[in-house]
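Breakdown of the fold
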Amino acid sequence: MTKFIKFYMVSFCIIVFFPWSQALAMPEIMGTDQIQTGMHGIAKTVIEGTTIDTFDIEITGVIDAGKDSDGRIIAIASGPVIDKTGGVLQGMSGSPVYIDDKLIGAVSGGWKEINNRTCIITPIHDMMKIWDMPDLKNKTMIQQVNLKQPPTVILADNKTDIKTASENTVATTQAAVAAEKSKPLMTPLMVSGFTDAGLNLLKEKMAPYNLVPYAVGSYEGKGETVTLEPGSSVGVEVVRGDLSVAAIGTVTAVDNGRVLAFGHPFLRKGNVNYFMTDAHIITTASGDNTGFKVGAPGNLVGRINQDRSAGVAGVIGRYPSVIPIQINVDDLQLNRHQTYAVQLAYDEELASSLAASVVYNAIDQTIDRAGTGTAKIEFEILTNAVDSGVIKRSNMYYSPQDVGQLSITEIYQALNLLCTNTMGETDIVGIKVNIKVDANRRTASIIEAVPEKQKVKQGETVNVKLQIKPYRKPAETLIVPYKISKNQPVGMTTLEIRGGGLVPVAQLLMQQQGLDLSPEEDKMQPLSEKLTAFMKANKNNEIIISPAAPIMLNEVQQAAAIEAAIKQSAQLDQIKPNDQVNVENKKTKLDKSEADLPAKFDTNYIIDNIIKTSIQVIGKKN
């Protein structure tokens, strides 16, 4: 990311006073080779506010977890805290466990369907290895990870050796059986500022990561930063600001500003770049088959830089690169204007989904309704991926069900292009989105197209009189110029006039014959060219005028039509940004090249049909 982004975050955070946790150091630790069945200890966690409580732990066994691992520890939790919560909850993950004041590891898994007081403990030796993992963020290209694989904690298989003082005890047998059925305590994803519809979309976007968002409120008192110490609640936040998306867990250990937490992965993405915050527990919720802490992230205290099988790690006083987003939404019926400001922790694989979810939620929250509507969206993405430094795009959308869902399509597409660039990592400096939503249906059909004269010369510009019929409104007349190509054959020519969001008839004819003329993605094509094509792509509110495909009566004509359609497709990819006409102001800026290119005209409606008209080309213009 650019120096600008780094400076932005430092400037944002430097005004906040932090009671640093650097003074805290690692306590004495105990390895699994010293742990015996029947040992007793305590664990630390927060179940309300920021106060650290303790609960009792009894060791029931230690199991092998494979090569290069200290195994996994099986234990039973008890005491007043566990009685109050109804068992081991999601959000307790990371709770440090001590025997004789020696740290043995972190609570990380359990069996709600078997015994909600039985838990898995990740050994501290395995967690401490995370601190030695390389941190290359903002130095090289972000590594890509297959996020379709759900995060898991690897436990024993059928070949596991049980290491306990009394191998024949009933407790050891139960531990081994339970270990094969255990599940990690999945860290709940707490979100605030989202509507029900926004939350549903976020759930859909987060489903591939095996995360389920829960709506919670923010809490007062963020001005006082909580010192992170073993047992404190900690937030791993990916969206921050007017909206928040964060996982809440427990700190396992702090050593001179380095933090270990969770005891299992968040997304298991390796070297990462997330916000690290303190957190406030609002309450706990528990049922027959599940339970979790309800909490909210608080003050920014550092950066989470590792997300591994044995837990997450962070550094206090260092901050992640961010993508700041400003969203302005106007509801024309309610005369309501809302501005939203959020920061995304820069992550190439999450950015597109999170940004789209945030923009959708801003729309839904502002208009406060579901159903029909028309939206005009304009957005700018500041990036080094194009020479101008900014990607600009606007479009209009209509939907009888949910206009917000359609409105986020292209911003998701643009960010996906940036974040999946095969040539290298790109800098995204900021995003600005302006949206105007109209409850009325703003669509229109072209009902007539008449050239001002029936005979024209090659290279000549002819005005075409169009009549469009807006939905439930009187017809309107547009006079739009169209330049006949100097290469247009002499004779009768059919012009096709259509909405920019519609597929040309020529392409439909090819598809009906089983021919796919869509060019395969050129993986070596420079990102700047892909983005240029994206920015000049046809818009739903444009009228497109181009030569129509001839009627194909035989195989020879079909072959000729295929060749012409391929040529037309290639020409469409070469349209320049100034190849458009401002119909309202009657100002024309037409492409002066010799290519046979369609003309584009902006309107205030989404054009929903295709019509044709004819004109005779009689020769070359003098």
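In this text the structure is predicted, and so the values were computed from the model without any measurement. (Residues numbered from 1 in each chain as written. Predicted model: local features only at pLDDT ≥ 70, side-chain atom pairs only at ≥ 80, totals over all residues. Heavy atoms only, no water.)

**Some remarks on the pattern of salt bridges**
Here is the rule we go by: Should a side-chain nitrogen of Lys or Arg be within 4 Å of a carboxyl oxygen of Asp or Glu, the pair is scored as a salt bridge.
Evaluation of the coordinates by the stated rule reveals 13 salt bridges. Ionic contacts of the salt-bridge type, sharing partners, join the residues Arg 72, Asp 126 and Lys 129 into one network.

**Focus on the packing of aromatic side chains**
The condition that has to hold: The criterion for an aromatic pair is that two Phe, Tyr or Trp rings (for Trp, the six-membered ring) have centres within 6.5 Å, with stacked assigned to planes under 30 degrees apart, edge-to-face to planes over 60 apart and tilted to the rest. The cut-offs for exposure are 20% and 50% of the maximum accessible area for each residue type, with area from a 1.4 Å probe on protein chains only; residues under the lower value are buried, those over the upper are exposed, and the others partly exposed. Only lysine NZ and arginine CZ atoms are considered, and such an atom sits over a ring when it is within 6 Å of the ring centre and within 35 degrees of the ring normal.
Counting across every chain of the model gives 3 aromatic pairs. Geometrically, the ring pair formed by Phe 266 and Tyr 274 is edge-to-face, given 5.8 Å between the ring centres and 85° between the ring planes. For the pair shown, Phe 266 and Tyr 274 are each scored as buried. Against the face of Phe 534 rests Arg 393, its NZ or CZ located 5.8 Å from the ring centre.

**A few points about unusual backbone geometry**
Formally: Secondary structure elements follow DSSP: runs of H or I no shorter than four residues count as helices, runs of E no shorter than two count as strands, and numbering proceeds from the N terminus.
Within the chain, Asp 100 stands out as a residue other than glycine whose phi angle is a positive 55°. Mapping Asp 100 onto the fold places it in the loop between strand 4 (96–99) and strand 5 (102–111).

**Quick notes on helix 5 (residues 196–206)**
For an α-helix, the turn length of 3.6 residues means that residues three or four places apart are oriented alike. Filter applied, for reference: Starting at the helix axis, one direction is taken to each C-beta atom, and the arc is that of these directions.
If you check which residues of helix 5 are buried, you get Gly 198, Leu 199, Leu 201, Leu 202 and Met 206. Buried residues of helix 5 fall within an arc of 160° about the axis and therefore sit on the same side. Across helix 5 from its buried face, at more than 90 degrees, point the exposed residues Asp 196 and Glu 204.

**A word on helix 8 (residues 409–419)**
Applicable threshold: Here a residue-residue contact requires only that any non-hydrogen atoms of the pair lie within 4.5 Å.
Turning to helix 8, its buried residues number three or more, namely Glu 410, Ile 411, Ala 414, Leu 415, Leu 418 and Cys 419. Against the buried residues of helix 8 lie helix 6 (351–367), strand 18 (373–383), strand 19 (390–399), strand 20 (428–438) and helix 10 (527–535).

**Some thoughts on the sheet that holds strand 30 (residues 606–607)**
The following threshold applies: Should DSSP find at least two bridges between two strands, the strands are taken to pair.
Strands sit in the order 24-23-21-30 across an open sheet of 4 strands; the sheet is mixed. The sheet is open, and its two borders are formed by strand 24 (476–483) and strand 30, each paired with just one other strand.

**A closer look at the nonpolar core**
Operational definition: Put simply, a nonpolar core is a bunch of buried Ala, Val, Leu, Ile, Met, Phe, Trp, Tyr and Cys residues held in one set by side-chain atoms that sit within 4.5 Å of each other.
Ranked by size, the top nonpolar core spans 78 residues in total, and within it Phe 266, Tyr 274, Ile 327 and Ile 435 carry the most contacts. Residue contacts for Ile 327: discarding those within four places in its chain leaves Gln 338, Thr 339, Tyr 340, Val 358, Val 359, Ala 362, Val 433 and Ile 435. Within the second largest apolar cluster, 23 residues are counted, among which are Ile 543, Ile 545, Ala 599 and Ile 607.

**Considerations on the packing of helix 6 against helix 8**
Formally: Here an angle of 0 to 180 degrees is reported between the N-to-C directions of two axes, which are lines fitted to C-alpha atoms, with helices fitted over the stretch in contact. Geometric relationships in this document are graded by angle, where less than 35 degrees denotes roughly parallel, more than 145 denotes roughly antiparallel, 65 to 115 denotes roughly perpendicular, and other angles denote oblique. Take the far helix as your reference; a near helix turned counterclockwise from it by less than a right angle gives a left-handed crossing, and one turned clockwise gives a right-handed crossing. Amino acid classes used here: Ala, Val, Leu, Ile, Met, Phe, Trp, Tyr, Cys and Pro are nonpolar; Asp, Glu, Lys and Arg are charged; the rest, including Gly, are polar.
Relative orientation of the contacting elements helix 6 and helix 8 amounts to 160°, with a least axis distance of 8 Å. Relative to helix 8, helix 6 is oriented roughly antiparallel. When you trace helix 6 past helix 8, the crossing you get is right-handed. Of the residues in helix 8, those touching helix 6 at Ala 351, Ser 352, Ser 353, Ala 355, Ala 356 and Val 359 are Ile 411, Tyr 412, Leu 415, Asn 416 and Cys 419. Broken down by class, the residue content of the contact of helix 6 with helix 8 amounts to 8 nonpolar, 3 polar and no charged.

**Some remarks on the pairing of strand 11 (residues 244–255)**
The buried fraction of strand 11 amounts to 12 of the 12 residues, a majority that puts the element mostly inside the structure. Direction of pairing for strand 8 (residues 189–192) relative to strand 11: antiparallel, over a ladder of 4 bridges. The partner of Met 190 across the bridge, within strand 11, is Ala 246. Across 6 bridges, the pairing between strand 10 (residues 233–241) and strand 11 is antiparallel. Each residue of the ladder has a partner; that of Ser 233, found in strand 11, is Thr 250. In this antiparallel pair of consecutive strands, strand 10 and strand 11, the connection spans 2 residues.

**Overview of the packing of helix 8 against helix 10**
Axis separation between helix 8 and helix 10 bottoms out at 10 Å; the angle between their running directions is 170°. Taken together, the axes of helix 8 and helix 10 are roughly antiparallel relative to one another. Between helix 8 and helix 10, the contacting residues are Glu 410, Gln 413, Ala 414, Leu 417 and Leu 418 on the first element and Leu 527, Lys 530, Leu 531 and Phe 534 on the second. Its residues placed into classes, the contact of helix 8 with helix 10 shows 6 nonpolar, 1 polar and 2 charged.

**Regarding the environment of Asp 364**
Checked against the element boundaries, Asp 364 lands in helix 6. In the structure, Asp 364 is positioned 168 residues away from Asp 196 in sequence and 9.1 Å away in space, judged by C-alpha atoms. Apart from residues no more than four positions distant in its own chain, Asp 364 is found in contact with Thr 195, Ala 197, Gly 198 and Arg 369.

**Some thoughts on the environment of Ala 25**
Position of Ala 25 relative to the elements: it lies in the loop between helix 1 (3–13) and strand 1 (40–46). Taking C-alpha positions, Ala 25 is 9.7 Å from Glu 229, a pair spaced 204 residues apart along the chain. Not counting chain neighbours up to four residues away, the residues in contact with Ala 25 comprise Val 254 and Asp 255.

**Examining the confidence of the model for the chain**
The condition is simple: On a range of 0 to 100, pLDDT expresses the predictor's confidence in each residue.
For the chain, per-residue confidence averages 81 on the pLDDT scale, and residues scoring 70 or more make up 74% of the total. The low-confidence segment residues 1–22 (pLDDT under 50) makes 52 contacts with residues lying over four places distant or belonging to another chain. Counting contacts from residues 575–595, a segment whose pLDDT is below 50, to residues more than four positions away or on other chains yields 37 contacts.

**Digging into the pairing of strand 14 (residues 291–308)**
A large share of strand 14 lies buried, amounting to 17 of its 18 residues. Sheet topology note: the strand 13 (residues 270–286)/strand 14 ladder contains 13 bridges and is antiparallel. Counterpart to Ser 286 in the pairing with strand 14 is Gly 291. As consecutive antiparallel partners, strand 14 and strand 15 (residues 311–316) are separated by 2 residues.

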